[in-house]
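Reading the structure
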Amino acid sequence: MHRVDQVISERLTTEVPLVREVAQYIISAGGKRLRPALLLLMSGALNNHNTHRHTLAAVVEFIHTATLLHDDVVDESTLRRGRETANERFGNAASVLVGDFLYSRAFQMMVDVNNMRVMQVLSDATNVIAEGEVLQLMNMRDASLSEANYLRVIRSKTAKLFEASARLAPILAGADVQTEEVCATYGQALGTAFQVIDDVLDYEGKAEELGKNLGDDLREGKVTLPIICALKTASAPQQRLIRHAIERGDSAHLDDILAIILETGALDTARASAMAEAQRAADAARQLPNNEYSAALLALATGLMGRRS
């Protein structure tokens, strides 16, 4: 990971000061670097020491960071990782354009790897992520959103880059198709579980631990799994309150809605859904060669349920 940070620093070089300042601001914000770590752990599990793994780990972090910059503009977010968002500090225009810079720099770095399969996986993932963003935008303030359509969004918007990160390791290792699919399954399941837990924490966590404002999803009119589960068993008046809040982006009744979510057991139901995805990731990890790296991947999947930030 230290080497990945070196690559990130080296490839952020630019003669445009504002690009460097905004990019450094968000990349140095103390994120989990989970996607690069996933690529490196999977490489270790497959005993792959291809030097391109550090470059590609930096590439997936650049793509992820670009999506964060664009996300925060679309969502009008003011807080991320415990400090003001880049759009709040530098403005929307700078955030969008620096996000574009990070996307294009990521594709320059892909070319350096000179592997058409790598480029196919990452370009497809980037396209699916963009589709997921648009799907989420279309679903805003739609209180009738189904669980299937919710999962479609998060598997596109979040899980796809986890999947791509895990898939790149066997590609670099020259592994067979079956191994590649096992790795990809792990990444997709882990990414799905990660996002479901993130959505649970928006109604269950603490702002100081999350590094964002509690109830942001409600304010933005996002329908996530806790809301979908609550609407299934809530009383008619409770359903009307939730639908009104979602359709108006109104967080004035957040405490009442939190009480409904707790009363209906929606958080437990959503966590159970995340647990099933984490179990799917764990099952995939057990199919990998038995070593310290695959053990870490297994621990990452099984430990996800304790996530609080």
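It should be emphasised that the depicted structure is a prediction, and the values quoted were computed from it without experimental measurement.

Calculation rules
- Residues numbered from 1 in each chain as written.
- Predicted model: local features only at pLDDT ≥ 70, side-chain atom pairs only at ≥ 80, totals over all residues.
- Heavy atoms only, no water.
- Helix = DSSP H or I, 4+ residues; strand = E, 2+ residues; numbered from the N terminus.
- Rg over C-alpha atoms; globule rule 2.2 N^0.38 Å.
- Buried < 20%, exposed > 50% of the residue type's maximum accessible area, 1.4 Å probe, protein only.
- Contact = heavy atoms within 4.5 Å.
- Axes fitted to C-alpha atoms, helices over the stretch in contact; angles between N-to-C directions.
- Parallel < 35°, antiparallel > 145°, perpendicular 65-115°, else oblique.
- Nonpolar A, V, L, I, M, F, W, Y, C, P; charged D, E, K, R; others polar.
- Phe/Tyr/Trp six-rings, centres within 6.5 Å; stacked < 30°, edge-to-face > 60°.
- Expected span 1.5 Å × (residues − 1).
- Salt bridge = Lys/Arg side-chain N within 4 Å of Asp/Glu carboxyl O.
- Core = buried A, V, L, I, M, F, W, Y, C linked by side-chain atoms within 4.5 Å.

Observations concerning the overall build of the chain
A count of helices and strands for the chain gives 17 helices and 2 strands. Relative to the globule expectation of 19 Å for 309 residues, the C-alpha radius of gyration of the chain, 19 Å, shows essentially globular dimensions. Seen along its three principal axes, the alpha-carbon backbone of the chain occupies a region of about 60 × 45 × 30 Å. In the chain, which comprises 309 residues, the share counted as buried stands at 55%.

Focus: helix α8 (residues 147-157)
Turning to α8, its buried residues are Y150, L151, V153, I154, S156 and K157. Where α8 is buried, its residues touch α4 (52-75), α7 (116-139), α9 (159-173), α10 (177-204) and α13 (225-233).

Quick notes on the packing of helix α16 (residues 266-285) against helix α17 (residues 292-302)
Look at α16 against α17: their axes get within 8 Å of each other, and the N-to-C directions meet at 170°. Classed by the angle they form, the pair α16 and α17 counts as roughly antiparallel. For the pair formed by α16 and α17, the contact residues are A278, A281, A282 and A285 on the first element and S294, L297, L298, A301 and T302 on the second. In terms of residue class, the contact of α16 with α17 is built from 7 nonpolar, 2 polar and no charged.

Focus: the packing of aromatic side chains
A full pass over the atoms with the stated rule returns 2 aromatic pairs. With centroids separated by 5.4 Å and ring planes inclined at 80°, the aromatic side chains of Y25 and F90 adopt a geometry described as edge-to-face. Residue Y25 is located in helix α2 (residues 17-27), and its partner F90 is located in helix α5 (residues 86-90); the two are separated by 65 residues in the primary sequence. Classification of Y25 as buried rests on a relative accessible area of 10%. Geometrically, the ring pair formed by F162 and F194 is tilted, given 5.6 Å between the ring centres and 40° between the ring planes. Linking F162 in helix α9 with F194 in helix α10, this pair joins segments that are 32 residues apart in sequence. The same class applies to F162 and to F194, which are both buried.

Some words on unusual backbone geometry
Not every positive phi belongs to a glycine, and R33 is a case in point at roughly 55°. Within the secondary structure, R33 is located in the loop between α2 and α3 (34-45). Positive phi outside glycine occurs at R141, with the angle close to 65°. If you trace the backbone, R141 turns up in the loop between α7 and α8. The exposure class of R141 is partly exposed, given its relative accessible area of 38%.

Description of α9
Along its 15 residues, α9 runs 22 Å from first to last C-alpha, staying within 8% of the 21 Å computed at 1.5 Å per residue. Across the 15 residues that make up α9, a large majority, 13, are buried. Positive backbone phi, approximately 70°, marks G174, located one or two places after α9.

A closer look at the pattern of salt bridges
Counted according to the given criterion, the structure contains 20 salt bridges. With its nearest N and O atoms 2.9 Å apart, the salt bridge here joins E181 to R167. Of this pair, E181 sits in helix α10 while R167 sits in helix α9, placing them 14 residues apart in sequence. A relative accessible area of 11% places R167 in the buried class. A cluster of three or more residues bridged by salt bridges with shared partners is formed by R117, K160, E163, R167, E180 and E181.

Here we look at the nonpolar core
Core analysis: the biggest nonpolar cluster contains 56 residues, and M42, Y186 and I227 have the highest contact counts within it. Contact partners of Y186, with chain neighbours within four places excluded, come to L38, M42, A281, A284, A285, L297, L300 and A301. Listed in part, the 42 residues of the second largest apolar core include V19, A86, L102 and A125.

What about the side chain of Q136?
Mapped onto the elements of the fold, Q136 is located in helix α7. Contact partners of Q136, with chain neighbours within four places excluded, come to D75, V153, K157 and K222.

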